[in-house]
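Chain by chain, the residues:
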Amino acid sequence: MGFQDAVLTGLAPDGGLLIPDRIPQVADRLDAWAGMSYQDITFELLKLFVDIPGDDLRKLVERSYITFRHPEIAPAYPHGPVHILELFYGPTLAFKDIALQFLSNFFEYTLARKERHLNVLGATSGDTGSAAIHGVRGREHINIFIMHPHNRVAPLQEKQMTAVLDSNVFNMAVEGTFDDCQHIMKSIFSDVDFKTRYSLGAVNSVNWARVLVQIVYYFSSGLYVMGQTGSKTVQFAVPTGNFGDVLAGYYAYRMGLPISRLILATNENDILARFFNTGEYSLGRVVPTLSPSMDIQVASNFERYLFYRLGEDPEALMALMRQFAETGALRLPLENGEIVDPLFAAGTGSRQDTLEIIGRYHRDYAYTMDPHTAVGVHVAEQHLDDASPTICLATAHPAKFSEAIKEATGQEAHHEILDGLAHAPTRCEVLPNDEAAVREFLRQHAICS
Ligand SMILES: *Cc1c(COP(=O)(O)O)cnc(C)c1O
């Protein structure tokens, strides 16, 4: 499948995930990349995967990062014993913007060339929905319909979605839970006639383009920090839920970036940390934490990593995934004393750990970080390495989680974009928890070719 079709489709026709047919090797170009801007590294990396003319790709990359509020796009500077890679300068102040700004530009480009239209349908408990809405707002060939559970999303996150007034953006507040929204979405997507008639598409976290675009900041920050410190390798600490962000780091390693270790950090929802420490991947119950964007038990991108870990054997992968679907657990066959993967270290940050890190970095280093980032920094501190500087991914601006910051530091965190939302006008349709009502709303507002 070509790259454009892979991105428009999202999932493979048999329900599996798409991966690149080969992983390009770039170790011999790293010296050249080390001096480049973020946009130039993005262009050089994407052109190894993407099947569109170079000039067009360059324009798409430039356009995607114009919306960012930092000239370096994703700066990485030392704070205390670690370097912090700030990924929150996009319009919704979370790292998902980095991929979704590009994905939306890419959609618009491909749709315009194919003279097609797309109606994006999604369900969100917060972050992904708002990053997707801000990605496609104002586009000519795309309408976006995002369901959220009525009165059950954090007020700030709800406002980040409903205060977008562009005519191609439709927020639907469903009178039910997030699970109800997801259930309605899956049911509508499984109706192939309806899906085709209304050109429905998704922007979910398993879309290959999202993982691909995230590989870039491992290179940009890794090369920068190695240049600054004179070290030959770096390690990354990544707070994760869906295994999306850390998977991008795994690809960067496979492409030839000298990464000594990937430090995977989860909150109390620790299925991934347990896997890397024991070889068993087993469902627990989702518990609410201070880092809600990682309150996930089934990590939708994990299957991609498992494919490589199983020696790229699709039969073995299928057998394990079937075992997981049937029993809620899978176990990696390990020899006596064998560990899951020497590239990975994994650990968990509790509520207590999160508050301790936010408070201590605020006090000792005058640096305020959000709770997701703090989970990563907590686990990173247990794996510091004199020979290999540690880069911690900062996935959201602290002002998005002001209550946790207040609890940890006694002070509030602010950002002008978020403060400005307090009195912003909003547009949102409240719908009953009923698939028929959602379908009717889509029929009325879908954009048609
Ligand atoms: C989505 C999200 C994460 C987790 O990302 P994964 O792709 O699941 O690794 C972490 N932090 C924030 C703020 C997020 O929005």
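Criteria and cut-off values
- Residues numbered from 1 in each chain as written.
- Predicted model: local features only at pLDDT ≥ 70, side-chain atom pairs only at ≥ 80, totals over all residues.
- Heavy atoms only, no water.
- 1 Å grid on protein atoms, 1.4 Å probe; cavity = no way out; pocket = protein on both sides within 12 Å on 5 of 7 lines; lining within 4 Å.
- Points joined across faces, edges and corners; volume = space filled by probe spheres on them.
- Nonpolar A, V, L, I, M, F, W, Y, C, P; charged D, E, K, R; others polar.
- Core = buried A, V, L, I, M, F, W, Y, C linked by side-chain atoms within 4.5 Å.
- Buried < 20%, exposed > 50% of the residue type's maximum accessible area, 1.4 Å probe, protein only.
- Contact = heavy atoms within 4.5 Å.
- Helix = DSSP H or I, 4+ residues; strand = E, 2+ residues; numbered from the N terminus.
- Pairing = 2+ DSSP bridges.
- Expected span 1.5 Å × (residues − 1).
- Arc of directions from axis to C-beta.
- Polar contact = N/O pair within 3.5 Å; in protein donor to acceptor, adjacent residues only side chain to side chain.
- Near = heavy atom within 4 Å.
- Areas by Shrake-Rupley, 256 points an atom, 1.4 Å probe, with all protein chains shown as cover.
- Salt bridge = Lys/Arg side-chain N within 4 Å of Asp/Glu carboxyl O.
- Axes fitted to C-alpha atoms, helices over the stretch in contact; angles between N-to-C directions.
- Parallel < 35°, antiparallel > 145°, perpendicular 65-115°, else oblique.
- Left-handed = near helix turned anticlockwise from the far one by under 90°.

Its boundaries defined by the atoms lining it, the second largest pocket holds a volume of some 280 Å³. Together, Met 1, Gly 2, Phe 3, Ala 6, Leu 18, Ile 19, Pro 20, Asp 21, Arg 22, Leu 48, Phe 49 and Trp 208 line the second largest pocket. Grouping the constituent residues of the lining of the second largest pocket by class yields 9 nonpolar, 1 polar and 2 charged.

Right, let's talk about the nonpolar core for a bit. One finds Leu 45, Tyr 217, Phe 219, Phe 236, Phe 243, Tyr 305 and Phe 344 to be the most contacted residues of the largest nonpolar core, which totals 130 residues. Discounting residues that sit within four places of it in the chain, Phe 236 has contacts with Tyr 218, Ser 221, Gly 222, Leu 257, Ile 259, Arg 261, Leu 262, Ile 263, Ile 391 and Leu 393. In this structure, Phe 145, Cys 181, Ile 188 and Phe 189 belong to the second largest nonpolar core, which totals 20 residues.

Next up on the list: the pairing of strand β2 (residues 82-86). In terms of residue burial, β2 counts as a mostly covered element, since 5 of its 5 residues are buried. Alternating residues of β2 divide into Val 82, Ile 84 and Glu 86 and His 83 and Leu 85, and every residue in both groups is buried. The sheet contact formed by strand β1 (residues 76-79) and β2 spans 4 bridges and is antiparallel. Residue Pro 78 lies in a different strand from β2, and its bridge partner there is His 83. Where β1 folds back onto β2 in an antiparallel hairpin, the turn is made up of 2 residues, including Gly 80, whose phi is positive at roughly 60°.

Under the 1.5 Å per step criterion, the end-to-end length of helix α14 (residues 314-327) is 20 Å for 14 residues, consistent within 8% with the ideal 20 Å. Taken together, the buried positions of α14 are occupied by Leu 317, Leu 320 and Phe 324. Along the long axis of α14, the arc covered by the buried residues comes to 70°, so they all point the same way. Along α14, the residues that are exposed and aim more than 90 degrees away from the buried face are Glu 315, Ala 325, Glu 326 and Thr 327. For α14, the elements touching its buried residues are β9 (280-282), α13 (302-309) and β10 (329-331). If you check the start of α14, you find a side-chain oxygen 3.0 Å away from the backbone N of Glu 315, and it comes from Asp 313. Within two residues after α14, Gly 328 carries a phi angle of roughly 75°, on the positive side.

Attention shifts here to the site of the ligand. Taken together, 14 residues sit near the ligand, with Lys 96, Asp 127, Thr 240, Asn 242 and Thr 395 positioned nearest. Separating a nitrogen atom of the ligand from a side-chain N or O atom of Thr 395 is a distance of 2.8 Å. Relative to its unbound accessible surface of 380 Å², the ligand loses 95% to contact with the protein. Of the residues that constitute the shell around the ligand, the class distribution is 4 nonpolar, 7 polar and 3 charged.

Here the focus is the pattern of salt bridges. Tallied over the full model, the rule gives 18 salt bridges. With a shortest N-O distance of 3.4 Å, Arg 58 and Asp 40 are connected by a salt bridge. One end of the pair, Arg 58, is in helix α4 (residues 54-65); the other, Asp 40, is in helix α3 (residues 38-46), with 18 residues separating them in the sequence. Classification of Arg 58 by relative accessible area gives partly exposed; the value is 34%. Classification of Asp 40 as partly exposed rests on a relative accessible area of 28%. Among the salt bridges present, the one from Arg 274 reaches Asp 270, with a minimum N-O distance of 2.9 Å. Within this structure, Asp 191, Glu 435 and Arg 439 form a network of salt bridges that share partners.

Here the structure, examined in full by the defined rule, presents 1 cavity of 30 Å³ or more. Estimated volume of the largest cavity: approximately 30 Å³. Around the largest cavity sit Asn 267, Glu 268, Thr 289, Leu 290, Ser 291, Gly 349, Ser 350, Arg 351, Thr 354 and Val 375, which together line it. Grouping the constituent residues of the lining of the largest cavity by class yields 2 nonpolar, 6 polar and 2 charged.

Adjacent strands of a sheet pair through backbone hydrogen bonds, lying either parallel or antiparallel. Within the open sheet, the 6 strands sit side by side as β1-β2-β12-β7-β8-β11. Their pairing is mixed. With one partner strand each, in any of the chains shown, β1 and β11 (344-348) form the two edges of the open sheet. Sheet twist, expressed as the mean angle between neighbouring strand axes with direction ignored, is 25°. Packed onto the sheet, helix α11 (residues 244-255) meets β7 (234-239), β8 (259-266), β11 and β12 (390-394) and runs at close to 170° relative to β8. Sitting on the sheet, helix α12 (residues 271-278) touches β8 and β11, and the angle it makes with β11 is about 135°.

Glancing now at the packing of helix α5 (residues 96-114) against helix α10 (residues 208-229). Their axes nearest at 9 Å, the elements α5 and α10 cross at an angle of 125°. Taken together, the axis directions place α5 and α10 in an arrangement best described as oblique. Crossing of α5 over α10 shows right-handed handedness. Where α5 approaches α10, its residues Lys 96, Ile 98, Ala 99, Leu 100, Phe 102 and Leu 103 are matched on the opposing element by Ala 209, Arg 210, Val 213, Gln 214 and Tyr 217. For the contact of α5 with α10, the per-class residue count stands at 8 nonpolar, 1 polar and 2 charged.

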